[in-house]
Every structure is written in structure tokens, then in C-alpha cells.
Amino acid sequence: MRRPFALLAGVLLVGAFAVPASAADGKGDKGFTISDPRITESSGLAASHRHPGVYWTHNDSSDGPYIYAVDSATGRTVARVALSGIGSPRDVEAISIGPDDQIYVGDIGDNLGGKWPYVWIYRLPEPKKLVDQTVRATQYIVKYTDGARDAESLVVDPKTGRVFIIDKNENGGHLFEGPAHLSASGTNYFRPVATVDLWATDAALSPNGEQLAVRGYFGGIYYDWNGGKIKRKGRLDVPLQRQGESVSYSADGTRLMYGSEGADSPVQAQDAPGGATKAPSGGGSSSASGGDGGSSGGNLKIGAVAVVVAAALLFGARRLFRRG
């Protein structure tokens, strides 16, 4: 994927101001660090439905057809799942879990800047046991009704199972709605249904299907979902990270988990806006959110805010959010 010049500022400043998630937030849904040396480009994140405290992730474009189950209590990989029945992934950027514990993997990035005529989505059942294994996946061809584009955000409505994609554009993008049911035998056309005022690197839907969180490198926005008829509600408190590429709600919906690319990458937690968003019955996590996730780093948070402001002035905040 393309690394914007503005990220150079983040790379230089994170070492001075950022606190590792494991130190600042504790364990579990209060933050962790991915310790697997095979995961160096974590580009998507999704809370498991079947295994409390586990998050699924994947590499960007430098890995095979693999997804990884990471135990948030330790940061260790507890299973690597190989996807069979698909071609060679090109630029995997997103992961989401929909109804019936189906995992959707978005091979939707475009390192050519929107030149590939189609991209792919892979779907597989979430494994009942966390062991290294191979699982057969279904592959779907995806095209956009208004032409090819780069994208890094994919969400699945937890009530309807409909898949949505948000494209990645410096001046703001769009929410694209897929067909009611994906077809493995034909092309699935996604059409734009709403504007998204952010250079989006990932997005997540709350477990109850009421809230959409969209993140970028230095900021985020949350929306009322309304089945895809989104309504902007406010800004997200996105932590400063080396290269912020992923976001997921915790399984109980009370926290937003923000991930970054890089070796030993941190996953940092923030309270989800609007208080607790309860998951459907049976979908909760065993991990309790026992604090605000930032009590040990208040002064550093203030410093991080100052860094973000400085970066915005130096490198152009207007490139992060769409002009009104």
C-alpha cells in the first residue's frame, strides 16, 4: 500500500510520545501487543465471535492466504488459518465477522492506485477450535459501479449480512453497498450510497449494528449506521500510532481497538463513543472493561494531542478530512 509523506512525521514522533498498549492499557480489551514475528503488516482487526478475548488479523500484501487468531491477554498467536479454494491474494486490507460467525476477508487494496478492474472478498466460517488448520473459503469477485478504486475498509452488517466497503481517498471517500447476497458465480457490484469525510484506513460496525467507526492515520469519525444510511455523529479519539491501519469493536461493543502495522505492533483501546453498545445475546466477551484505558498515560496523551496538532499544521490536515 502507499505510505503518505505525512506518515514520516508520525514515525519520528511516535517513539517520543506513544506508550505501548500493553503498558498503558493493561491486557485484553484494554490493549495488547501483537508479538508474532510473522505479523509485520497487521492491516485489519476483528473480534472473534466464538472465542472471547481473541482477535483475528492478517498481513497486508507480503503474506500468503493466512489469517491469524491473536489472544489479547498475551498478544500471542493461538492459530494460523490457511484459506484454500482461492487464488493468490494481492492486497488484503480488511477483515470483518458477520452473522452465523462468518469471517469476511477483504482483498480490496490496490497498490496501483485504482487500476485493477476487480478485487476479491473471501468468506469462511470461523473455526470452532483454535489450532493451525486449513479452511476452505468462498471467493467473490467485486467491482464498483463507478470504476476501480483503492480501499482498505470492509464491514458486514450484523443484522442483514450485507457487505459494505469504504474507499480510501485523500479528499474523502464513499460508503459502497454490496448486493443483498454475494454471488460466487458472478460479479458483485458495489454502488456508492453515502460520503465518508475521511481518508479511511479501516472501519468497524458495533456488534449491535447501530454505530459505524471509521479511522484514518491521524483521526476518526463515528456515524449512526441506520442500515447503511449513515449520519455523522462526531470525531473519534484515535491514538497516535506508527501507521494506523485497523480498528475493531470489542466483542461486547464497549471498546474500540486500534491497531498499527509494524513488528510488535500495539493494539490500543479507547472507550466506544456513546457508552456501552451491547452485543446480541451470546456475543459478549469475557474480558471486562475495568477502567478508562488511559489512567497511566494522561500526561502523555496531552503530549500526543500536541503532536497531532503540530503534524496537522505541518503536513496539511485538510488532506485527512474532506472539505465541507
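Just so we're clear, the structure is a prediction, and the values are computed from it rather than from any experiment.

Q: What's the story with the overall build of the chain in this structure? I'm lost.
A: Secondary structure assignment for the chain yields three helices and 21 strands. Looking at the chain as a whole, 56% of its 324 residues are labelled buried. Excluding contacts between residues fewer than 6 apart, the proportion of contacts in the chain whose partners are at least 24 apart in sequence is 55%. When the accessible surface of the chain is summed, it comes to about 13,400 Å², and 51% of that surface belongs to carbon and sulfur atoms.

Q: Explain unusual backbone geometry to me, please; I cannot follow it from the model alone.
A: Comment: phi is negative for the bulk of residues other than glycine, and the bulk of peptide bonds are trans. One non-glycine residue, Asp100, lies in positive phi territory at about 60 degrees. With respect to the secondary-structure elements, Asp100 resides in the loop between strand 6 (94-98) and strand 7 (102-107). By relative accessible area, Asp100 is classed as exposed at 69%. Even without being a glycine, Asp264 presents a positive backbone phi close to 50 degrees. Topologically, Asp264 is positioned in the loop between strand 20 (255-260) and strand 21 (266-271).

Q: For this particular structure, what's the right way to read the side chain of Asp110?
A: Relative to the assigned elements, Asp110 resides in the loop between strand 7 and strand 8 (119-125). From its side chain, Asp110 meets the backbone nitrogen of Lys115 in a polar contact 2.8 Å long. Residues within four places of Asp110 in sequence aside, it is in contact with Asp91, Lys115, Trp116, Arg149 and Asp150.

Q: Is there a simple way to explain the sheet that holds strand 7 in this structure?
A: Strand-to-strand pairing in sheets goes through backbone hydrogen bonds, with the strands running parallel or antiparallel. Read from one edge to the other, the open sheet built from eight strands follows the order 6-7-8-10-14-13-12-11, with strand pairing classed as mixed. Pairing within the sheet leaves two strands with one partner each, and these edge strands are strand 6 and strand 11 (151-156). This sheet shows a mean twist of 30 degrees between the axes of neighbouring strands, independent of strand direction.

Q: Explain the environment of Arg215 to me, please; I cannot follow it from the model alone.
A: With respect to the helices, strands and loops of the structure, Arg215 is situated in strand 16 (residues 211-215). Residue Arg215 is classed as buried on the basis of its relative accessible area, which comes to 0%. Separated by 17 residues in sequence, Arg215 and Leu198 place their C-alpha atoms 7.6 Å apart. For Arg215, the side chain forms a polar contact with the main-chain oxygen of Gly259, separated by 3.1 Å.

Q: Looking at this structure, I do not really get the packing of aromatic side chains. What am I missing?
A: Two measures describe an aromatic ring pair: the distance that separates the ring centres and the angle between the ring planes. One pass over the full model with this rule turns up five aromatic pairs. When the ring of Phe32 is compared with that of Tyr55, the centres are 5.6 Å apart and the planes differ by 35 degrees; the resulting orientation is tilted. Remark: Tyr55 occurs in strand 3 (residues 54-58) and Phe32 occurs in strand 1 (residues 32-33); sequence separation between them is 23 residues. Note on Tyr55: relative accessible area 2%, which makes it buried. Here Arg90 stacks its cationic end above the ring of Trp120, 4.4 Å away from the centre of that ring. Above the ring of Tyr144, the side-chain terminus of Arg149 is found at 5.6 Å from the ring centroid.

Q: In this structure, what is going on with the pattern of salt bridges? I would like to understand it.
A: A side chain of one charge can pair with a side chain of the opposite charge if their charged atoms are brought near each other. In this structure the tally under the stated criterion is ten salt bridges. Residues Lys168 and Glu152 are paired through a salt bridge, measuring 3.0 Å at the closest nitrogen-oxygen approach. With Lys168 in the loop between strand 12 (163-167) and strand 13 (173-177) and Glu152 in strand 11, the pair connects residues that are 16 residues apart, well separated along the chain.

Cut-offs applied
- Throughout this description, residue numbers start from 1 for each chain and increase along the sequence as written.
- Since the coordinates come from a predicted model, pLDDT governs what is reported: local features require at least 70, and pairs of side-chain atoms require 80 or more to be given and counted, while whole-chain, interface and lining totals use all residues.
- Excluding hydrogens and water, the side-chain figures rest on all heavy atoms present in the structure.
- Comment: elements are numbered from the N terminus, with helices defined as DSSP H or I runs of at least four residues and strands as E runs of at least two.
- Buried, partly exposed and exposed residues are distinguished by accessible area as a fraction of the type maximum, computed with a 1.4 Å probe on protein chains only: under 20%, between the cut-offs, and over 50%, respectively.
- Note on contacts: a residue pair is in contact if any heavy atoms of the two residues lie within 4.5 Å.
- Note that accessible areas follow from Shrake-Rupley with a 1.4 Å probe, and for residues the cover is restricted to the protein chains shown.
- We call two N or O atoms a polar contact when they sit within 3.5 Å, provided that within protein one can donate a hydrogen and the other can accept it, with sequence-adjacent residues counted only if both atoms are side-chain atoms.
- Two strands are said to pair when DSSP picks up at least two bridges between them.
- Only the contacting stretch of a helix is used when fitting its axis, a line to C-alpha atoms as for every element, and angles between N-to-C directions run 0 to 180 degrees.
- Aromatic pairing here means that ring centres of Phe, Tyr or Trp (its six-membered ring) are within 6.5 Å. Orientation follows from the plane angle: under 30 degrees is stacked, over 60 is edge-to-face, and everything else is tilted.
- Sitting over a ring, as applied to charges here, requires NZ of Lys or CZ of Arg to be within 6 Å of the ring centre and within 35 degrees of the ring normal.
- Here, a salt bridge means any side-chain nitrogen of Lys or Arg that lies within 4 Å of a carboxyl oxygen of Asp or Glu.

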